[in-house]
Amino acid sequence: MKIALLGYGRMGQTIEKIAISRGHDVVLKIDKDDKDYDITKADVAIDFSLPSAAFGNITNCLNNGVPVVSGTTGWLENYDKALALCKEKKGAFIYASNFSLGVNIFFELNKTLAKMMRNLKEYQVTMEEIHHTKKLDAPSGTAITLAEGVIENNNNYNAWELDTTNKKSTIPIAAKRIEDVPGTHSVNYASEVDTINIEHIAHNRQGFALGAVVAAEWLVGKTGVFSMKDVLGL
Ligand SMILES: NC(=O)C1=CN([C@@H]2O[C@H](COP(=O)(O)OP(=O)(O)OC[C@H]3O[C@@H](n4cnc5c(N)ncnc54)[C@H](O)[C@@H]3O)[C@@H](O)[C@H]2O)C=CC1
Ligand SMILES: O=C(O)C1=N[C@H](C(=O)O)C[C@H](O)C1
């Protein structure tokens, strides 16, 4: 497969190594100063760029009939427009806040736990995410997906907020920034007598990168908007 990398930073470079090891050709490596390139050289594009750049990159792919996988976080105010464009152009698109197999299993575990806690009013949920100091967005896309997973499955909660909140129906998300941490997420249900805690710790970026390449392999030849749940059959 001919792959275009849109964003050649920490993730773009990790994805390149994994793509090559799986027999793919990286035909374009696009970063912030690359403007005039022909995206149709690629069979599929993988976007890990910046919150401010992702929507433009996705739009360019969909307008040119190139399937696109995006892992960039912090651009979701434009997500519905990307879906509409994908439908209009009969294109192929996957966004995931986290492409790792482990986190996608963790997402399902989070939803199951949220259902189990529905009638247990003595517990209050909080979330924490820890990332490296270069991260631009907070809370992380993964933490937002986790919060949405609780809200959809537990009607004691209807919103999330960064840091603290006074409302019992709002999930507080603490975002910590510590040098070199690839990504740690925890969901905690605390009562007077105990705490139930589930946690995912990424040890490096390999899992995110492998998931993005597997998603790209899966997407080529399909039409529609998909999620990692579709790719992994979860
Ligand atoms: N969904 C997932 O599994 C994961 C998502 N991420 C997200 O991916 C994004 C990138 O993360 P990193 O690689 O760590 O960041 P990074 O800062 O190392 O790389 C981003 C690169 O995009 C470049 N860029 C800027 N404007 C661009 C444009 N118009 N087109 C193409 N590239 C452009 C930057 O110059 C930079 O080299 C972030 O939003 C991060 O939250 C990161 C890891 C996993
Ligand atoms: O910026 C990162 O590094 C990461 N971003 C994603 C997010 O915002 O959830 C995924 C992962 O945690 C690493």
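Residues numbered from 1 in each chain as written. Chains lettered and ligands numbered in written order. Predicted model: local features only at pLDDT ≥ 70, side-chain atom pairs only at ≥ 80, totals over all residues. Heavy atoms only, no water.

## A look at the overall build of the protein
This is how it is decided: Only DSSP runs of H or I covering at least 4 residues are called helices, and only runs of E covering at least 2 are called strands; the numbering of each starts at the N terminus. Throughout, radius of gyration means the C-alpha value; the globule benchmark is 2.2 Å times the number of residues raised to the power 0.38. Whether two residues touch is decided by their heavy atoms; if any such pair falls within 4.5 Å, the residues are in contact. The accessible surface values rely on the Shrake-Rupley method and a 1.4 Å probe; as for residues, cover is taken only from the protein chains in view. Counted as positive: Lys and Arg. Counted as negative: Asp and Glu. His and the chain ends are not counted at all. To locate a charge, take NZ of a lysine, CZ of an arginine, CG of an aspartate or CD of a glutamate.
Looking only at helices and strands, the protein has seven helices and eleven strands in total. The C-alpha atoms of the protein give 18 Å as radius of gyration, which agrees with the globular expectation for 234 residues (17 Å, within 12%). A principal-axis box enclosing the C-alpha atoms of the protein has dimensions of 60 × 40 × 30 Å. The contacts of the protein with a sequence gap of at least 6 include a subset with a gap of at least 24, amounting to 64%. In the form shown here, the protein has an accessible surface area of approximately 11,600 Å², with 51% of it arising from carbon and sulfur atoms. Taken together, the 25 basic and 28 acidic charged side chains of the protein have centroids lying 3 Å from each other.

## Description of a nonpolar patch on the surface
Rule in force here: Patch membership is restricted to residues that have no salt bridge and whose relative accessible area is over 30%. Joining uses 9 Å for like charges and 5 Å for the nonpolar side chains Val, Leu, Ile, Met, Phe, Trp and Tyr. Any carboxyl oxygen of Asp or Glu that lies within 4 Å of a side-chain nitrogen of Lys or Arg is treated as forming a salt bridge with it.
The grouping of L101, I105 and L234 at the surface amounts to a nonpolar patch, some 270 Å² of accessible area in total. Here L234 is to be found in the segment after α7 (228-232).

## Details of the site of ligand 2
What counts is decided by this rule: It suffices for a single heavy atom of a residue to lie within 4 Å of a molecule or strand for the residue to be listed as near it. Under the rule applied, a polar contact is a pair of N or O atoms within 3.5 Å (in protein, one hydrogen donor and one hydrogen acceptor; residues adjacent in sequence only if both atoms are side-chain atoms).
Close contacts around ligand 2 come from 13 residues, with H131, H132, K135, G141 and T142 the closest. A distance of 2.7 Å is found between an oxygen atom of ligand 2 and a side-chain nitrogen or oxygen belonging to K135. Within the side chain of T142, one N or O atom sits 2.5 Å away from an oxygen atom of ligand 2. Protein chains bury 85% of the 330 Å² of accessible surface belonging to ligand 2 in isolation.

## Observations regarding the pattern of salt bridges
Spelled out, the test is: When a residue's accessible area, from a 1.4 Å probe over protein chains only, is under 20% of the maximum for its type it is buried; when over 50% it is exposed; and in between it is partly exposed.
Counting across every chain of the model gives seven salt bridges. Its salt-bridge partner being K29, residue E16 comes within 2.8 Å of it at the nearest N-O pair. Of the two residues, E16 sits in helix α1 (residues 10-21) while K29 sits in strand β2 (residues 25-30), which places them 13 residues apart along the sequence. What makes E16 buried here is its relative accessible area of 12%. Judged by relative accessible area, K29 falls into the partly exposed class, the value being 40%. The structure contains a network of salt bridges with shared partners spanning E108, K111 and K229.

## Considerations on helix α4 (residues 101-116)
Structurally, the α-helix is built with 3.6 residues per turn, so residues lying three or four positions apart point the same way. What counts is decided by this rule: Helix span, expected: 1.5 Å multiplied by one less than the number of residues in the helix.
Look at α4: 23 Å from first C-alpha to last across 16 residues, which is about the 22 Å you get at 1.5 Å a residue. Within α4, the full set of buried residues consists of V103, N104, F106, F107, N110, L113 and A114. Considering only its buried residues, α4 is in contact with α5 (141-153), β9 (184-190), β10 (195-201) and α7.

## As for the packing of helix α2 (residues 54-63) against helix α3 (residues 79-89)
Using the following cut-off: The axes used here are C-alpha line fits, helices contributing only the stretch in contact, and every angle between their N-to-C directions lies in the interval 0 to 180 degrees. In what follows, roughly perpendicular refers to angles from 65 to 115 degrees, roughly parallel to angles under 35, roughly antiparallel to angles over 145, and oblique to any angle outside these ranges. For this scheme, ten residues count as nonpolar: Ala, Val, Leu, Ile, Met, Phe, Trp, Tyr, Cys and Pro. Four count as charged, namely Asp, Glu, Lys and Arg, and the remainder, Gly too, count as polar.
At a minimum axis separation of 10 Å, α2 and α3 run at an interaxial angle of 5°. In terms of axis orientation, α2 runs roughly parallel to α3. On the side of α2, the interface is formed by F55, I58, T59, L62 and N63, while α3 contributes K81, A82, L85, C86 and K89. Counted by class, the contact of α2 with α3 contains six nonpolar, two polar and two charged residues.

## Remarks on the UniProt feature "domain: Dihydrodipicolinate reductase C-terminal" (unreviewed entry) in the protein
The condition is simple: UniProt positions are given in the numbering used here, feature names are shortened, and annotations may be inferred rather than shown by experiment.
The UniProt record marks residues 102-232 with the feature "domain: Dihydrodipicolinate reductase C-terminal" (unreviewed entry), using the residue numbering of this structure. Secondary structure within residues 102-232 divides into 36% helix and 28% strand; the distance between the first and last C-alpha atoms comes to 11 Å.

## Some points on the side chain of D47
Within the secondary structure, D47 sits in strand β3 (residues 44-47). Looking at D47, its side chain comes within polar contact range of the side chain of S49, at 2.7 Å. Separated by 3.0 Å, the side chains of D47 and N57 make a polar contact. Excluding its chain neighbours within four sequence positions, the residues that come into contact with D47 are L6, A54, N57, V69, S70, G71 and T72.

## Observations concerning the pairing of strand β5 (residues 92-95)
Just so we agree on the cut-off: When the strands point away from the viewer and the connection leading from the first strand across the helix to the second strand turns clockwise, the crossover is called right-handed. Between any two strands, pairing holds if DSSP finds at least two bridges.
Side chains A92 and I94 of β5 all project onto a buried face; the interleaved residues F93 and Y95 project onto the opposite face, where all are buried too. Crossover connection from strand β4 (residues 68-70) via α3 to parallel β5: handedness right-handed. Pairing geometry for β5 and strand β11 (residues 224-226), over three bridges, is parallel. Counterpart to F93 in the pairing with β11 is V225.

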